[in-house]
Amino acid sequence: MSHCSRRNFLKTSLAAGVAVGTAGLPLKAARGTATDWVTLGKSGVEVTRLAFGTGTISGKTQRDLGQEDFTSLVRHAYDRGIRFFETSESYAEMHHMLGVALKGLPRDSYRLMSKVTTRPGGNPKDKIDELRKAANTDYFDILLLHYQHTATWPTDTVRWQDGILEARSKKVVLVQGASVHGLPALRQVPGNKWLQIAMIRMNHKGTRMDNEDFTAGETDKVPEVVSHVKQVKTEGMGVISMKLIGEGTFTNRKDRQAAMRFAFNNAGVDAVTVGFKNTREVDEAIENLNLALA
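Residues numbered from 1 in each chain as written. Predicted model: local features only at pLDDT ≥ 70, side-chain atom pairs only at ≥ 80, totals over all residues. Heavy atoms only, no water.

J.: Can you help me understand the pairing of strand 12 (residues 271–275) in this one?
T.: Consecutive residues of a regular strand have side chains that alternate between opposite faces of the sheet. Counting buried positions over the five residues of strand 12 gives four, a clear majority of the element. Taken together, the four bridges between strand 3 (residues 50–53) and strand 12 define a ladder with parallel strand orientation. Paired with Leu 50 across the bridge in strand 12 is Val 272. Of the pairings in the sheet, the one linking strand 11 (residues 238–242) to strand 12 comprises two bridges and is parallel in character. The residue of strand 12 that forms the bridge with Ser 241 is Val 272. Read from strand 11 through helix 10 (residues 253–267) to strand 12, the crossover connection turns out right-handed. (Buried < 20%, exposed > 50% of the residue type's maximum accessible area, 1.4 Å probe, protein only. Helix = DSSP H or I, 4+ residues; strand = E, 2+ residues; numbered from the N terminus. Pairing = 2+ DSSP bridges. Right-handed = clockwise from strand over helix to strand, strands pointing away.)

Structure below.
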């Protein structure tokens, strides 16, 4: 992808963002359910509000289920109406396991998001093709630059940004974005014209959320995180939140319910991803989100 093409993309995105930014946004999510299809900002891609995450403890929780039980869990979530599944290059084996679990289901009936690690020297095209092959898919609905944790990530990852734009031109990636870790990285999200989707850590307690560095711990910066979410929403960016249950530390259901309410009704995110290890957790997450939206 030439730098000229990249500039043209950013110029077009800026023009679209101005129109979206002046439209105004509701403070609270519209009433609905966890399994409603919603559009992520101005990206045009629709996902269910609740996503099935595969990265609990970097995927160990899901891997430990084994393929048969993991497939059964994915199919249960699909049957309950969850049609948004996400994984990452850094979740060892999970592209393959998810591809097996989704095999045979109509590809247009669900959305698939992956995250790519932006290592120096890596080849974006080769990596994207490798991940698609592992997941047994012709395309990713959403591809994120994973684990962006420095204030310089927008310039450090230009080669990967161009690689994703090239993949989009070939329709092997439909929508692009980044997952950010740490306040220095998050502060670079507002105003970023390359981003269509931002994946941001969010819960009401600040557990496993962004600090002044990239480590996830307890933080009192929740108001700042919420302010960034609201700002990028006015810019037309789609927001998916993670760490809704404090990376599994919220053992009290009231906290899990409060986290859902906070993400949608206070922060105003579009969708959330939660990692599951059994059907009871899937069913509870659906119920918790339905209650938050009621």
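After that view, the rundown keeps rolling.
J.: Where do I start with the sheet that holds strand 5 (residues 111–117) in this structure?
T.: Either a parallel or an antiparallel arrangement is found when strands of a sheet pair, and the pairing is made through backbone hydrogen bonds. An order of 3-4-5-6-7-8-11-12 is seen for the eight strands of this closed barrel, with the pairing classed as parallel. Ignoring strand direction, the axes of neighbouring strands in this sheet form an average angle of 25 degrees. Looking at chain direction, strand 4 (residues 84–86) and strand 5 are connected through three bridges and run parallel. Counterpart to Phe 85 in the pairing with strand 5 is Leu 112. Strands in contact with helix 7 (residues 158–169) are strand 5, strand 6 (140–148) and strand 7 (173–180); relative to strand 7, the strand with the most contacts, it is inclined by about 155 degrees. Against the sheet, helix 10 engages strand 3, strand 11 and strand 12, with an angle of about 155 degrees to strand 12. (Axes fitted to C-alpha atoms, helices over the stretch in contact; angles between N-to-C directions. Contact = heavy atoms within 4.5 Å.)

J.: Looking at this structure, how should I read the environment of Asp 220?
T.: By secondary structure assignment, the location of Asp 220 is in the loop between strand 10 (216–217) and helix 9 (222–234). Since its relative accessible area comes to 66%, Asp 220 is described here as exposed. A sequence separation of 14 residues divides Asp 220 from Gly 206, and the C-alpha atoms of the two residues are 6.3 Å apart.

J.: Looking at this structure, I do not really get unusual backbone geometry. What am I missing?
T.: Only a minority of non-glycine residues have a phi that is not negative, and only a minority of peptide bonds are not trans. Despite not being glycine, Arg 208 has its phi angle at roughly 60 degrees, a positive value. Owing to a relative accessible area of 26%, Arg 208 belongs among the partly exposed residues under this scheme. Of note in the backbone geometry, Lys 243 takes a positive phi value of approximately 60 degrees without being a glycine. Relative to the helices and strands, Lys 243 resides in the loop between strand 11 and helix 10. A relative accessible area of 19% means that Lys 243 is categorised as buried.

J.: Please clarify how the pairing of strand 3 should be interpreted in this entry.
T.: Taking every second residue as pointing to the same face, both faces of strand 3 are buried, with Leu 50 and Phe 52 on one and Ala 51 and Gly 53 on the other. Bridge analysis of strand 3 against strand 4 gives two bridges, and the strand direction is parallel. Its bridge partner lying in strand 4, Gly 53 is registered against Glu 86.

J.: Where do I start with the packing of aromatic side chains in this structure?
T.: Throughout the structure, instances matching the rule amount to four aromatic pairs. Between Phe 85 and Tyr 110 the ring centres are 6.1 Å apart and the planes differ by 85 degrees, which places this aromatic pair in the edge-to-face class. Note that Phe 85 is positioned in strand 4 and Tyr 110 in the loop between helix 4 (94–102) and strand 5, a separation of 25 residues in sequence. For Phe 85, a relative accessible area of 0% gives the class buried. By the ring-pair criterion, three or more aromatic residues cluster together here, those being Phe 52, Phe 70, Phe 85, Tyr 110 and Phe 276. (Phe/Tyr/Trp six-rings, centres within 6.5 Å; stacked < 30°, edge-to-face > 60°.)

J.: Would you mind going over the packing of helix 3 (residues 66–79) against helix 11 (residues 279–293) with me for this structure?
T.: The relative placement of two packed helices is expressed as an angle between their axes plus a distance between the axes. Contact pair helix 3 / helix 11: the axes reach a minimum separation of 10 Å and the direction vectors enclose 25 degrees. By the angle class used here, helix 3 and helix 11 are roughly parallel. Between helix 3 and helix 11 lies a crossing of right-handed hand. Here Leu 73, His 76 and Ala 77 of helix 3 come into contact with helix 11, specifically with Thr 279, Val 282 and Asp 283. Of the residues belonging to the contact of helix 3 with helix 11, the class tally is three nonpolar, two polar and one charged. (Parallel < 35°, antiparallel > 145°, perpendicular 65-115°, else oblique. Left-handed = near helix turned anticlockwise from the far one by under 90°. Nonpolar A, V, L, I, M, F, W, Y, C, P; charged D, E, K, R; others polar.)

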